[in-house]
Structure formats: C-alpha cells, structure tokens
Amino acid sequence: MSDANSPYGRVLLKLSGEALMGDLEYGIEPTVIKRMAAEVAEARGRGTEIAIVIGGGNIFRGAGLARSGMDRVTGDHMGMLATVMNALAIQDALEALEVHARVMSALRINEVCEDYIRRRAVRHLEKGRVVILAAGTGNPFFTTDTAASLRAIEIGADVLLKATKVDGVYDADPVTHPDAVRYDTVSFDQVLRDKLSVMDATAIVMCRDNGLPLRVFDLTRPGSLVDAVAGAEVGTLVTA
C-alpha cells in the first residue's frame, strides 16, 4: 500500500551508474550511495513499493569501447556485469539500514544474485522488499534506459522515475545554453520530435505506447528522490 499522500503504490527508479561516482572519476563514492540508500529507505518506509534499475557507466561503458574497436556484443556484456556490481553495492547500503533488498539479474549469476523472473520480482515488492534489477535486459544493443521502461511495464509500476544530474527536461542543453527553458510537463511525442535529451527513443516509445508516465528529476538535490516517490511536482513530467 502506498502512503496516503502519494499517488503511487509502486515505482521504478532508474539510476545512472554515473550518479554513484559523486566527485570521483570512476567507481562508487561511499557518501553518495549511503545518501541514496537513506532516501530509498525513507521512501519505502512511507509505503511505496520500489524497484531500481541501475546503469554501469561509472565502471564500464560497452558502447564507448565498441567505438574504439571492441566487439559491441562483448562490450555490452561487460557493461551488464558492471551493473551487477553497482546493484550489489546498493543492496549492501540498503541492508545496512535494515531495508530488505533483492538483486535480480537478467544474466544468470546465481552465486551472487537471483535470476530475474517477473512474478518473483512482483512478489518481492509485495513483501516490502526493494528489488534492484541488474544486467539491463540481458541483451546487447539495449540501454539500461530501455531496460528501465521494460521492467517498469512488466512489474506494473505507476511511474518511471529517472534520476539525473539536471532538474528536468530542457529545450536545449542547459550547460551550453544558459537561457535554456525547463519544461514542467512535456509530451512523449514532443520529446521524440525535438530529440530532447531524456532517454533513448526506444525507451520513450515503450513508455508512450504503454501509458507509463515518466518523471525526470535531479538526484543531486537532497530529498528529491523522496519527493519524487511521494508524487511531488519535482523536475519534469513526461506524459502522453
């Protein structure tokens, strides 16, 4: 059951691997992952069921090495393994706060985590556990953004929350265009038409075609994750 003040009973949170780096050049910044875990724990404690899809860009990017000559399939599989490492770190941080968590991988690594099975994932959520979904879709050429959309739809999430380093969706890159305008709400069709930097096109189309709203918000602001899970109007809401 969700908190009385939250419109969401179940959410899927998409975290980029880069979000775990903090000020480091690569890897996991302990203070950052502890803060994330604390916010997830607070949000879960209010009654909303939470699943997480994590990227691996803080450790390895398959697409980047593919451009340098590595076989793309090999690179993508290495990237999937990086997401498992991040997922285990998040699980450890949550359990240090006495929050029950399960890592489920699209690749079989039974010694360290469970296989992803949709019905089992839903059952974990119903029992109050945070479910961390690793290894993307288990297939090369698909991003973790697409994995997040797919898993959110599969588990029946009410919203997909994409945590980024900017406070929403802009009509241009706010880093290079100081006068860029932030949208409070924007349609999936406009995101695709204007090629706005939100998620890859496959992920956006999946959300649109399955009626899954997407909220993009700034994870670096303390409390923003809790606010987003609670249904506050943070960042940008992308809908039909």
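Located above this text is the structure these notes cover.
Now for a description of the structure that goes with this document. Values in this document were obtained by computation on a predicted structure and should not be read as measured data. Along each chain, residues carry numbers from 1 onward, in the same order as the chain's sequence is written. Residues qualify for local features only when their pLDDT is at least 70, as the model is predicted, and side-chain atom pairs are given and counted only at 80 or more; totals for whole chains, interfaces and linings, by contrast, use all residues. Processing note: side-chain calculations cover all non-hydrogen atoms of the structure and skip hydrogens and water entirely.

This part covers the nonpolar core. Nonpolar side chains in soluble globular proteins tend to be buried together. To qualify as a nonpolar core, a set must consist of buried Ala, Val, Leu, Ile, Met, Phe, Trp, Tyr and Cys residues joined through side-chain atoms within 4.5 Å. Categorising residues by exposure relies on relative accessible area from a 1.4 Å probe, with only protein chains included: less than 20% of the type maximum marks a residue as buried, more than 50% marks it as exposed, and the intermediate range marks it as partly exposed. Core analysis: the biggest nonpolar cluster contains 40 residues, and Leu13, Leu15, Ile52, Leu94, Ile132 and Phe217 have the highest contact counts within it. Only DSSP runs of H or I with at least four residues qualify as helices, and only runs of E with at least two residues qualify as strands; both kinds are numbered from the N terminus onward. At the level of elements, β1 (10–15), α1 (30–45), β2 (49–54), α3 (72–95), β3 (101–105), β5 (130–134), β6 (159–164) and α8 (224–229) are the ones that each hand at least two residues to this core. Ranked by the residues each element gives to this core, the list is headed by α1, at 7 residues. When checking whether two residues touch, look at their non-hydrogen atoms; a contact exists if any pair is within 4.5 Å. Apart from the residues within four sequence positions on either side, phenylalanine 217 is in contact with Leu13, Leu161, Lys162, Ala163, Thr164, Val166, Ser224, Leu225, Ala228, Val234 and Gly235. In this structure, Ala152, Val169, Leu212 and Val238 belong to the second largest nonpolar core, which totals 30 residues.

To obtain an axis, a line is fitted to C-alpha atoms, over the contacting stretch when the element is a helix, and the angle between two such axes runs from 0 to 180 degrees between their N-to-C directions. Interhelical geometry of helix α5 (residues 144–155) versus helix α7 (residues 201–209) gives an angle of 20° and a closest axis separation of 7 Å. Relative to α7, α5 is oriented roughly parallel. Handedness of the crossing formed by α5 with α7: left-handed. Only Thr202, Ala203, Met206 and Cys207 of α7 make contact with α5, whose side of the interface consists of Asp145, Thr146, Ser149, Leu150 and Ile153. Just so you know the grouping, Ala, Val, Leu, Ile, Met, Phe, Trp, Tyr, Cys and Pro go in nonpolar, Asp, Glu, Lys and Arg go in charged, and all remaining residues, Gly too, go in polar. Counted by class, the contact of α5 with α7 contains 5 nonpolar, 3 polar and 1 charged residues. Oblique is the label for any angle not under 35 degrees, not over 145, and not in the 65 to 115 range, which are roughly parallel, roughly antiparallel and roughly perpendicular in turn. Note: crossing handedness is left-handed where the near helix turns anticlockwise from the far helix by less than a right angle, and right-handed where it turns clockwise.

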